[in-house]
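These are the residues of each chain, in order.
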Amino acid sequence: MKKVVCSFLVAVMLAPSYGVFANETETVILEAVSPEKEEIRTYTLSLEDAKNMAFTDNLQLQAVEYKRKGYEIAQSAAALTKKENKDMPVAVATMSSGLLVKKGYYVELYKSQAELTKLELEKVKAQISYDVTEKYYNYKLTERLVKTSETSSMIAASNLDIVKKQFELGLVTRLDVDGARAAYEGAKAAEEGYKRGLELAKENLKISLNINEPCNFILTDEIEYKEFESDVNKDVEAAMTTRYDIKGLKENDRLAEMNYTILKNSLTDAAADTSTARSNYYQAKYNLENSTRLIKLGIRSSYNNIISAKSNMKIAEINVEINRQKYNAGKIKYEMGMITNDTLTGIMNDLSQSEIDFENAKLTYKLAVEKYGYEITVGL
């Protein structure tokens, strides 16, 4: 019996992760059940799906909503205070603030702010939408670049194998082999770099979509571009009636004028409060005029960015076609012994880089159009 007990203790010590049962005749070992690995969720998203996901339970949007509610409560309180103080004399010590209360300035102030938050909400939505769009397509772009780099690596590997065989046959020098190997190592390094970039692009998108757990993405909208043209002069004028910042500047100017008018009509121009109100009014008017000019200039600049991006995209597309033809011709020449491996490698690298440049140019154009659409409506 003593030996049985010893055997039992040894079994427990040697196998702490297993269930063990012993008696005088046999030892039964039960295999531990390993915990199941957590399944990584895959999100299949269109761009619109991604935007809606970013809007859901968004704290920025909730903050603006509560700000609006706060202004509405303050407006109601200001209206009640105005009514209560309608017939009360204004004390000298509180003359300015008392006048503003009686004349309904604070009612207008909070009403204006409450209305502005409605437009602010639209601006925040626009900012979120553009942020998601940028990160969504950056992920798509990096996916494309990974595939392009994988193709380049495969071509470089195939080229290296061919050169090695040619070296064994005495057709090329060791220097050719070294050059082909260097090209392959460079292609693999670029491929790994783009794969790391894809992981960063994924994490960046997860932040905007408020995803915390590990996941994968299948993004269904491609980086496709459409020709875009518009009348920038009409767009600028239309934006002056829809942008949040313009509306805010106009309201600030209106309220500053109201403040100054109330004090000017009730006090003398020599009063300190009147002078301060006048200064604030002039500053508000300057801010409105100057900022409006700058915003108009910014919209025109955004449209110029579209034109430049379109030109760059067209040039990049032409370069891809040219370099593809050069590579196809180069392969034939190389097989016929008309050019060296180094020359062919250079042609291959030019093709790969032109394809990357074209993908980047397409995204730049698409985002420029997207941004312009927001700039001529609520603003970013």
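In what follows, the structure referred to is the one given above.
Asker: Report on a nonpolar patch on the surface, specifying residues and quantitative values.
Answerer: A surface patch of nonpolar side chains, amounting to about 350 Å² of accessible area, comprises Ile332, Met336 and Met338. Its place among the elements puts Ile332 in helix α9 (residues 272–335).

Asker: Tell me about the environment of Glu355, and name the residues and values.
Answerer: With respect to the helices, strands and loops of the structure, Glu355 is situated in helix α10 (residues 341–375). When the C-alpha positions of Glu355 and Arg144 are compared, they lie 9.7 Å apart, and in sequence the two are 211 residues distant.

Asker: I'd like a description of the nonpolar core, backed by residues and values.
Answerer: The tendency in soluble globular proteins is for nonpolar side chains to be buried side by side. Counting residues in each nonpolar core, the largest one holds 33 residues, and the members touching the most others are Leu45, Val132, Leu209, Phe217 and Leu219. If you tally residues by element for this core, the top one is helix α5 (residues 105–168), at twelve residues. Membership of the second largest hydrophobic core comes to 21 residues, among which are Val232, Ile299, Ala368 and Ile376.

Asker: Before we move on, could you go through the environment of Tyr281 and cite the residues and values that matter?
Answerer: Residue position: Tyr281 is located in helix α9. Note on Tyr281: relative accessible area 12%, which makes it buried. What Tyr281 contacts, discounting residues up to four positions off in sequence, is Asp253, Ala256, Glu257 and Tyr260.

Asker: Any chance you could break down the pattern of salt bridges for me, citing the residues and the numbers?
Answerer: Evaluation of the coordinates by the stated rule reveals 27 salt bridges. A salt bridge links Lys310 to Glu227, with the shortest nitrogen-to-oxygen separation between them at 3.2 Å. Taken as a pair, Lys310 in helix α9 and Glu227 in the loop between β4 (215–219) and α7 (232–239) lie far apart in primary sequence, 83 residues in all. A salt bridge links Lys362 to Glu359; the shortest N-O distance between them is 3.7 Å. Of this pair, Lys362 and Glu359 are both found in helix α10, three residues apart, which corresponds to roughly one turn of the helix. Across the pair, Glu359 and Lys362 agree in class, each one buried. The structure contains a network of salt bridges with shared partners spanning Lys140, Glu143, Arg144, Glu222, Glu359 and Lys362.

Asker: A description of the packing of aromatic side chains should follow, citing residues and the corresponding values.
Answerer: Tallied over the full model, the rule gives eleven aromatic pairs. With centroids separated by 6.1 Å and ring planes inclined at 40°, the aromatic side chains of Tyr43 and Phe217 adopt a geometry described as tilted. Of this pair, Tyr43 sits in strand β3 (residues 41–45) while Phe217 sits in strand β4, and the two are 174 residues apart along the sequence. As far as burial versus exposure is concerned, Tyr43 and Phe217 are alike and both buried. One aromatic cluster in this structure is built from Tyr43, Tyr139 and Phe217.

Asker: Account for the packing of α5 against helix α8 (residues 244–266), with residues named and values stated.
Answerer: Close contact between α5 and α8 brings their axes to 10 Å; oriented N to C, the two are set at 175°. Considered as vectors, α5 and α8 are oriented roughly antiparallel to each other. Contacts between α5 and α8 involve Tyr105, Glu108, Leu109, Ser112, Leu116, Leu119, Glu120 and Lys123 from the first element and Tyr244, Lys247, Gly248, Glu251, Arg254, Leu255, Met258, Asn259 and Ile262 from the second. Of the residues contributing to the contact of α5 with α8, the split by class is eight nonpolar, three polar and six charged.

So, how was this worked out
- Residues numbered from 1 in each chain as written.
- Predicted model: local features only at pLDDT ≥ 70, side-chain atom pairs only at ≥ 80, totals over all residues.
- Heavy atoms only, no water.
- Patch = residues over 30% accessible without salt bridge, like charges linked within 9 Å, V, L, I, M, F, W, Y side chains within 5 Å.
- Areas by Shrake-Rupley, 256 points an atom, 1.4 Å probe, with all protein chains shown as cover.
- Salt bridge = Lys/Arg side-chain N within 4 Å of Asp/Glu carboxyl O.
- Helix = DSSP H or I, 4+ residues; strand = E, 2+ residues; numbered from the N terminus.
- Core = buried A, V, L, I, M, F, W, Y, C linked by side-chain atoms within 4.5 Å.
- Buried < 20%, exposed > 50% of the residue type's maximum accessible area, 1.4 Å probe, protein only.
- Contact = heavy atoms within 4.5 Å.
- Phe/Tyr/Trp six-rings, centres within 6.5 Å; stacked < 30°, edge-to-face > 60°.
- Axes fitted to C-alpha atoms, helices over the stretch in contact; angles between N-to-C directions.
- Parallel < 35°, antiparallel > 145°, perpendicular 65-115°, else oblique.
- Nonpolar A, V, L, I, M, F, W, Y, C, P; charged D, E, K, R; others polar.

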